[in-house]
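Geometric and topological summary
Residue-level listing of the chains:
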Amino acid sequence: MSEKLLMKGNEALGEAAVRAGCRLYFAYPITPQSELPEYLSRRMPEVGGVFLQAESEVAAINMVYGASGAGARVMTSSSSPGISLKQEGLSYIAGAELPCVVVNMARGGPGLGSIQPSQSDYLQATKGGGHGDYRLIVLAPASVQEVVDLTILAFDLADKYRNPVMIMGDGLLGQMMEPVTFPDEVKKELPPKPWATTGWTKDRPKNIITSLELQPERLEEHNRHLQAKYAQIVREEIRWDEYLTGDAEVVVVAYGTVARIARSAVDAAREKGIKAGLFRPITLWPYPYDALGRLADAAKNFLTVEMNCGQMVEDVRLAVDGRRPVYFYGRSGGMVPTPEEVLAEIEKLA
Amino acid sequence: MNIRERIVIFAGAFGSGKTEIALNYALYLARNGQKVSLVDLDIVSPYFRSRDIAAELAGQGIEVIAPAGELAQADLPVIVPRIYGALADPELTVVIDVGGDDPGATALGQFSDELKKRKYAMLLVVNTCRPFTRDVPSIAKMRETIERATHLKATGFIANTNLGSETTSSIVRSGLEVLQEASKSLGLPVVAAAVRADLALELEDLEINIFPIKIILKPPWLRREVVKRDRGAVIVARENQRGCPYQE
């Protein structure tokens, strides 16, 4: 289907998963991502897949563990409070090196918070969330088309690295409608997964999937193996986007929908003769430290804009490494910054 | 768009554009001196709802009937009793913005007895660029499931084929063709085509009522009008930013 459709971010994500060959989806509804289970409840039966509304988020993530262990392309989704419930499962999945895609269309927190959009799960997604030394690959789309492209990429990265991949969106991205196209053909040939528990045969040793390793020497060895894999991901998978950064004196750093707002503010600043630019991380982990740090050669200062009280700004400071001042502007609780507010902050720094 | 009935219901598939059309229709009526109540009966969408701009609509003399206070922001199927009063008031034009698909339309079902006592128009908004109403059989299914959920009969279609910011007049035309085919096969008239105001001129030749609309509920980066080098456009954009964004 090369024809364009008008879709919500949540719906487009569901269709992209189907196109990527995902046939198993387990989740529990929560605003503002419920259009995704709603869409897949219609779509999965049409393609011979399984949509299952689990009894809880905890159950859903463990169903993902099981299906992924059996070699399937599998996805779950939720919004902030539900993602917190999934953290134990995510740690097990990362430890057992199982590929899967987990979607967070984040909402205001902490606690039950509100149903309005937020980016306040950045630290949870990129610095852990669950226990143990593990990493999720975290992709942050900024448009409905990018939701589609990054969802398909997420399944490929998950399989390539045998690692859970998170799509980090927010309620606004899930709810807004934009024109999208999908790749024409559904990929049917999935990469071989010789490690999967597909039933014992005599021609290979038993496949065992577990995150339990009682011998400390062996667990340390496993951790070294995981760290080597994460180092490879850092080398090969960093993605970002730059807009008018070439001569920028004020570099705005923002991801997801906030990058759309920031871009609008950068345009307005340029109209006023202010040399502003936008740096947009697409992978939140691995973070584009080097690419962002390079901008410190020419920029006067950095402005991080987030829909939270200041989370990614810690990574921006690491990237800039004290060479230039790093400022922060944020709205939280479900409040969305406006382009005018961001412009006012840029003007203060120009 | 001339609809005779005092009670006008916009229903249809999820994301078909019911809210934008209901808002534009309510504003159109208010501009023409009518006393208007807009019922936000959407129990499924958490964002981009009529109630989000209740204060601005009140400024245009439109009463917004929706859950009040904190409940306006809750993902709860709250239905307010004031709807009964509005339906019974012969002085009022009542515009009802229904939630999408049959689950959204279910909320309207509880008013079916009240509505059947009176004359109403129930218009199904159809965008053929949406995933589940792209052809005649899926449009027929949408109509059937919504009529079952509401216990009401649809009285017509509103064509609303669009691709958001990428809409062209040829997209509008091709969508209208599909809907006219559905109209013939289902025996339900196409009452009007809702068209973004800037495309209306290109579609004047269509033998159908054109209802020019302005997109009201936008993500924050689109609220700032696109300023082009065209001087006329710059002036229009400035005017729009200055005044109430919902006035023409």
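Residues numbered from 1 in each chain as written. Chains lettered and ligands numbered in written order. Predicted model: local features only at pLDDT ≥ 70, side-chain atom pairs only at ≥ 80, totals over all residues.

This next bit is on the overall build of chain A. From N to C terminus, chain A includes 13 helices and 14 strands. Taken against the 2.2 N^0.38 rule, which gives 20 Å for 350 residues, the C-alpha radius of gyration of chain A at 20 Å falls within 12% of a compact globule. With the principal axes as the frame, chain A shows a C-alpha extent of 70 × 50 × 40 Å. Counting over 350 residues, chain A shows a buried share of 55%. The long-range fraction of contacts in chain A, counting pairs at least 24 apart against all pairs at least 6 apart in sequence, stands at 80%. (Helix = DSSP H or I, 4+ residues; strand = E, 2+ residues; numbered from the N terminus. Rg over C-alpha atoms; globule rule 2.2 N^0.38 Å. Buried ≥ 20, exposed ≤ 12 C-beta atoms within 10 Å, placed from the backbone. Contact = placed C-beta atoms within 7 Å.)

What follows concerns the overall build of chain B. Regarding its fold elements, chain B presents 10 helices and 8 strands. Expressed as a percentage of its 248 residues, the buried residues of chain B come to 43%. Once local pairs closer than 6 in sequence are excluded, the contacts in chain B between residues at least 24 apart make up 70%.

Attention now moves to the domain arrangement of chain A. A common way to express how large an interface is: the accessible area buried when the components associate. Residues and elements named next belong to chain A. Splitting chain A by domain gives domain 1 (5-199 + 224-236) and domain 2 (241-349). For domain 1 and domain 2, the distance between their C-alpha centroids amounts to 27 Å. Domain 1 puts 27 residues into the contact, and the matching count from domain 2 is 22 residues. Looking at the side of domain 1 that touches domain 2 element by element, the count peaks at 4 residues for helix α6 (residues 122-126). Classifying every residue of the side of domain 1 that touches domain 2 gives 16 nonpolar, 8 polar and 3 charged. (Domains from an automatic or database assignment. Nonpolar A, V, L, I, M, F, W, Y, C, P; charged D, E, K, R; others polar.)

All names here are of chain A. Ordered by their spatial adjacency, 5 strands build an open sheet running β9-β11-β10-β13-β14, and the pairing between neighbours is mixed. Each edge of the open sheet is held by one strand with a lone partner, namely β9 (240-243) and β14 (326-330). Going across the sheet, the axis of each strand differs from the next one's by a mean of 20 degrees, ignoring polarity. Relative to strand β11 (residues 276-281), β9 runs antiparallel, the two sharing 4 bridges. Across the sheet, residue Tyr243 finds its bridge partner in β11, namely Leu278. In the packing of helix α10 (residues 256-271) onto the sheet, the strands contacted are β9, β10 (250-253), β11 and β13 (301-306), and the crossing angle to β11 comes to about 165 degrees. (Pairing = 2+ DSSP bridges. Axes fitted to C-alpha atoms, helices over the stretch in contact; angles between N-to-C directions.)

Our focus in this paragraph is the packing of helix α3 (residues 57-69) of chain A against helix α5 (residues 87-95) of chain A. Describing two packed helices takes the angle between their axes plus the distance from one axis to the other. Residue and element names in this part refer to chain A. Viewed as axis vectors pointing N to C, α3 and α5 meet at an angle of 15 degrees, and their least axial separation amounts to 8 Å. Relative to α5, α3 is oriented roughly parallel. Of the two possible hands of crossing, α3 and α5 adopt the one that is right-handed. For the pair α3 and α5, contact is made by Val58, Ile61, Asn62, Val64, Tyr65 and Ser68 and by Gly89, Leu90, Tyr92 and Ile93, respectively. The residue makeup of the contact of α3 with α5, split by class, is 7 nonpolar, 3 polar and no charged. (Parallel < 35°, antiparallel > 145°, perpendicular 65-115°, else oblique. Left-handed = near helix turned anticlockwise from the far one by under 90°.)

The subject of this paragraph is the environment of Phe182(A). Along the chain, Phe182(A) falls in the loop between β8 (177-180) and α9 (216-236). Phe182(A) sits 98 residues away from Arg280(A) along the chain, and the two C-alpha atoms are 23 Å apart.

With that out of the way, let us pick up the interface of chain A and chain B. Contacts between the two partners involve 25 residues from chain A, matched on the other side by 18 residues from chain B. Mapped by element, the contributors of at least two residues to the side of chain A that touches chain B are β1 (5-8), α8 (171-175), β8 and α10 of chain A. No other element matches the 5 residues that α10(A) contributes to the side of chain A that touches chain B. Tallied by class, residues from the side of chain A that touches chain B come to 13 nonpolar, 6 polar and 6 charged.

To continue, consider the packing of helix α6 (residues 136-150) of chain B against helix α7 (residues 169-186) of chain B. Residues and elements named next belong to chain B. At a minimum axis distance of 9 Å, the contact between α6 and α7 shows a crossing angle of 60 degrees. Judged by the angle between their axes, α6 and α7 are oblique. Crossing of α6 over α7 shows right-handed handedness. Along the contact surface, α6 presents Val136, Ile139, Ala140 and Arg143, while α7 presents Val178, Glu181, Ala182, Ser185 and Leu186.

Within helix α4 (residues 101-109) of chain B, the full set of buried residues consists of Asp101(B), Asp102(B), Gly104(B), Ala105(B), Ala107(B) and Leu108(B). Where the residues of α4(B) are buried, they touch β1 (7-12), β2 (36-41), β4 (93-98) and α6 of chain B.

Let's shift gears to the nonpolar core. Core analysis: the biggest nonpolar cluster contains 176 residues, and Leu139(A), Val252(A), Ala262(A) and Ile9(B) have the highest contact counts within it. At 10 residues, helix α7 (residues 144-161) of chain A tops the list of elements feeding residues into this core. Excluding residues that lie within four positions of it along the chain, Val252(A) makes contacts with Ala262(A), Ala265(A), Val266(A), Ala276(A), Leu278(A), Leu303(A), Val305(A) and Ile346(A). (Core = buried A, V, L, I, M, F, W, Y, C linked by C-beta atoms within 7 Å.)

What follows deals with the environment of Pro191(A). In this structure, Pro191(A) sits in the loop between β8 and α9. Considered as a pair, Pro191(A) and Asn301(A) are 110 residues apart in the sequence and their alpha carbons are 45 Å apart.

Here the focus is α3(A). Residue and element names in this part refer to chain A. Between its first and last C-alpha atoms α3 spans 18 Å; for 13 residues at 1.5 Å apiece the expected length is 18 Å, and the two agree. Here α3 has its buried residues at Glu57, Ala60, Ile61, Met63, Val64, Tyr65, Ala67, Ser68 and Gly69. Looking at the packing, one finds that the buried side of α3 touches β2 (24-27), β3 (50-53), β4 (74-78), α4 (80-85), α5 and β5 (100-106). Where α3 terminates, the next one or two residues include Gly71, which has phi positive at roughly 95 degrees. (Expected span 1.5 Å × (residues − 1).)

This brings us to the confidence of the model for chain B. Residues and elements named next belong to chain B. Chain-level statistics for chain B give a pLDDT mean of 90 and a share of 90% at 70 or above. Overall, residues 226-231 carries pLDDT values under 50, and its contacts beyond four positions in sequence, including any with other chains, amount to 4 contacts. Low pLDDT, under 50, characterises residues 241-248; the predicted model gives this stretch 8 contacts beyond four residues in sequence or across chains. Predicted as a complex, the structure gets a pTM of 0.93 and an ipTM equal to 0.91. (pLDDT = per-residue confidence, 0-100.)

With that settled, consider the pairing of β5(A). All names here are of chain A. With 7 of its 7 residues buried, β5 lies for the most part within the structure. Here β5 shows no split at all, with Cys100, Val102, Asn104 and Ala106 on one side and Val101, Val103 and Met105 on the other all buried. Summarising the sheet, β4 and β5 pair through 4 bridges and their orientation is parallel. Bridge pairing in β5 places Met75 opposite Val101. Pairing of β5 with strand β7 (residues 164-170) involves 7 bridges; the strand directions are parallel. Across the sheet, residue Ala106 finds its bridge partner in β7, namely Asp170.

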